[in-house]
Amino acid sequence: MAVLSDFEEEPQQQQQPPKPITFSAALDVMDPLGFLRSAMEFVAMETEFFNKEGSVKEVTAAAKGLWEKEKAKMEAEKKKKVEKEKKKVEEEKKKVEAVKKRVVNGKGKEKVVEEDAMDEDEEKEKKDEKSKYTAPNNGNGLDFNNYSWGQSLQELNVTVPVPPGTKSRFIVCEIKKNHLKVGLKGQPPIIDGELFQSIKPDDSYWSLEDQKSISILMTKHNQMEWWRYLVKGEPEIDTQKVEPEPSKLADLDLETRSTVEKMMFDQRQKSMGLPTSDEMQKQDLLKQFMAQNPQMDFSNAKFA
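Residues numbered from 1 in each chain as written. Predicted model: local features only at pLDDT ≥ 70, side-chain atom pairs only at ≥ 80, totals over all residues. Heavy atoms only, no water.

## Topic: the overall build of the protein chain
Scanning the protein chain from N- to C-terminus turns up five helices and 10 strands. By the burial criterion, 22% of the 304 residues in the protein chain qualify as buried. About 23,800 Å² of surface is accessible on the protein chain, with carbon and sulfur atoms providing 51% of the total. (Helix = DSSP H or I, 4+ residues; strand = E, 2+ residues; numbered from the N terminus. Buried < 20%, exposed > 50% of the residue type's maximum accessible area, 1.4 Å probe, protein only. Areas by Shrake-Rupley, 256 points an atom, 1.4 Å probe, with all protein chains shown as cover.)

## A closer look at the side chain of Ser 198
Looking at the element boundaries, Ser 198 is found in the loop between strand S8 (191–194) and strand S9 (199–209). In this structure, Ser 198 is in contact with Lys 177, Asn 178, Lys 220, His 221 and Trp 227, ignoring residues within four places of it in sequence. (Contact = heavy atoms within 4.5 Å.)

## Considering the sheet that holds strand S5 (residues 155–161)
The strand order S3-S4-S5-S10-S9 describes an open sheet built from five strands, whose pairing is antiparallel. The outermost strands of the open sheet, each flanked by one partner alone, are strand S3 (142–143) and S9. Across seven bridges, the pairing between S9 and strand S10 (residues 213–220) is antiparallel. Residue pairing for S10: Lys 200 is matched across the bridge by Thr 219. (Pairing = 2+ DSSP bridges.)

## Here's the deal with the pairing of strand S4 (residues 148–151)
Of the pairings in the sheet, the one linking S3 to S4 comprises two bridges and is antiparallel in character. Residue pairing for S4: Asp 143 is matched across the bridge by Ser 148.

## Observations regarding the sheet that holds S8
One open sheet accounts for three strands, arranged S6-S7-S8; its pairing is antiparallel. A single partner strand is all that each edge strand has here, and the edge strands are strand S6 (171–175) and S8. When strand polarity is set aside, the average angle formed by the axes of neighbouring strands in this sheet is 5°. Relative to S8, strand S7 (residues 179–184) runs antiparallel, the two sharing four bridges. By the bridge assignment for S8, Leu 180 is matched with Gly 193. (Axes fitted to C-alpha atoms, helices over the stretch in contact; angles between N-to-C directions.)

## Considerations on the packing of aromatic side chains
Each aromatic ring pair is summarised here by two numbers: the centre-to-centre distance and the angle between the ring planes. One pass over the structure, following the stated rule, counts four aromatic pairs. A centroid spacing of 4.9 Å and a plane angle of 35° characterise the contact between Phe 144 and Tyr 147, whose relative ring orientation is tilted. In this structure Phe 144 comes out as partly exposed when scored by relative accessible area, which is 28%. Taking relative accessible area as the criterion, Tyr 147 reaches 9% and is therefore assigned buried. Relative to Tyr 229, the ring of Phe 196 lies with its centre 4.8 Å away and its plane at 85°, an arrangement referred to as edge-to-face. Highlighted residues: Phe 196 in the loop between S8 and S9 and Tyr 229 in the loop between S10 and helix H4 (254–271), separated in sequence by 33 residues. Overall, the relative accessible area of 15% leaves Tyr 229 in the buried class. (Phe/Tyr/Trp six-rings, centres within 6.5 Å; stacked < 30°, edge-to-face > 60°.)

## Examining a nonpolar patch on the surface
A surface patch of nonpolar side chains, about 410 Å² in accessible area, is lined by Leu 33, Leu 36, Met 40, Val 43 and Phe 50. Checked against the element boundaries, Met 40 lands in helix H1 (residues 32–46). (Patch = residues over 30% accessible without salt bridge, like charges linked within 9 Å, V, L, I, M, F, W, Y side chains within 5 Å. Salt bridge = Lys/Arg side-chain N within 4 Å of Asp/Glu carboxyl O.)

## Topic: the pattern of salt bridges
Scanning the model with the defined rule gives three salt bridges in all. Between Lys 52 and Glu 58 there is a salt bridge; the shortest N-O distance is 3.6 Å. Several salt bridges converge on common partners, so that one network encompasses Lys 262, Asp 266 and Asp 278.

## Quick notes on the nonpolar core
The biggest cluster of nonpolar side chains holds 28 residues, and the ones touching the most others in it are Trp 149, Val 158, Ile 191, Met 218 and Leu 230. Counting residues per element, the ones that place at least two in this core are S5, S6, S7, S10 and H4. (Core = buried A, V, L, I, M, F, W, Y, C linked by side-chain atoms within 4.5 Å.)

## Examining the confidence of the model for the protein chain
Looking at the protein chain as a whole, the pLDDT averages 80, with 78% of positions reaching at least 70. Low pLDDT, under 50, characterises residues 99–117; the stretch is placed with 25 contacts to residues that sit more than four places away or in other chains. (pLDDT = per-residue confidence, 0-100.)

## Considering the packing of H4 against helix H5 (residues 277–292)
Two elements in contact, H4 and H5, have axes separated by 9 Å at closest approach and are oriented at 80°. Regarding the angle of H4 to H5, the classification is roughly perpendicular. In contact with Lys 262, Phe 265, Asp 266 and Gln 269 of H4, H5 contributes Ser 277, Asp 278 and Met 280. (Parallel < 35°, antiparallel > 145°, perpendicular 65-115°, else oblique.)

Right under this line is the structure:
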């Protein structure tokens, strides 16, 4: 016989998960082991983790896993760096390799052409750069319809024709450090522009020659460089074709004379299709590089 009872069982309360315990500590980058020790002491104080057998192995395994991860990361970075260096060396090797091509001229004869390892874009840029320059006149400057100019390494000479019988009081000539203005009063200036480089106004002057031309002499501030133009806006001359007077080399100071002789040597070398002094220096550096890196294979490298 079943017996009913009014007694009701109380529902079981769900067990609440333990609340997280906050751990606070400062990491001293000079003593990371101290931070780890503090963390483990905190775990030992607040939990029973270290009471169980095998806890030390678990900690050791976790530390080893982190160590292996960092080791793999360092090896990957090292490999990447080695690949980068290897690629750089290969690029340098390509640059020093010369390609020998055999071409046939109109008479059917073979001729060997030395060609450097410059890409097409660089060759085109070099040709465009060269084509924009104008050959200088006999005075290493340029001739225009209304004036002309020439130069040495130290000075500039400008000649401006004027109507015969012109008086000096009708002439306007302003010589400034970086600017030149020349003309006749009441008329637009013949020359009015910024100079290629600065000059020494105190060592510059002008004169009226036979009442038919203005002669201007200006002393360069930098006496180690040829000017490409007199005033801004003019066509630029090819300074590689400048021809200084050999008879005046003995009058130059040692440094200036060395610069002029170097320019003349480079011009002769180029006219004969031979390397310039700078190119010869680069070849010497490449040979030194080869000697310092015997492990590299330069068997296929050729130098023009």
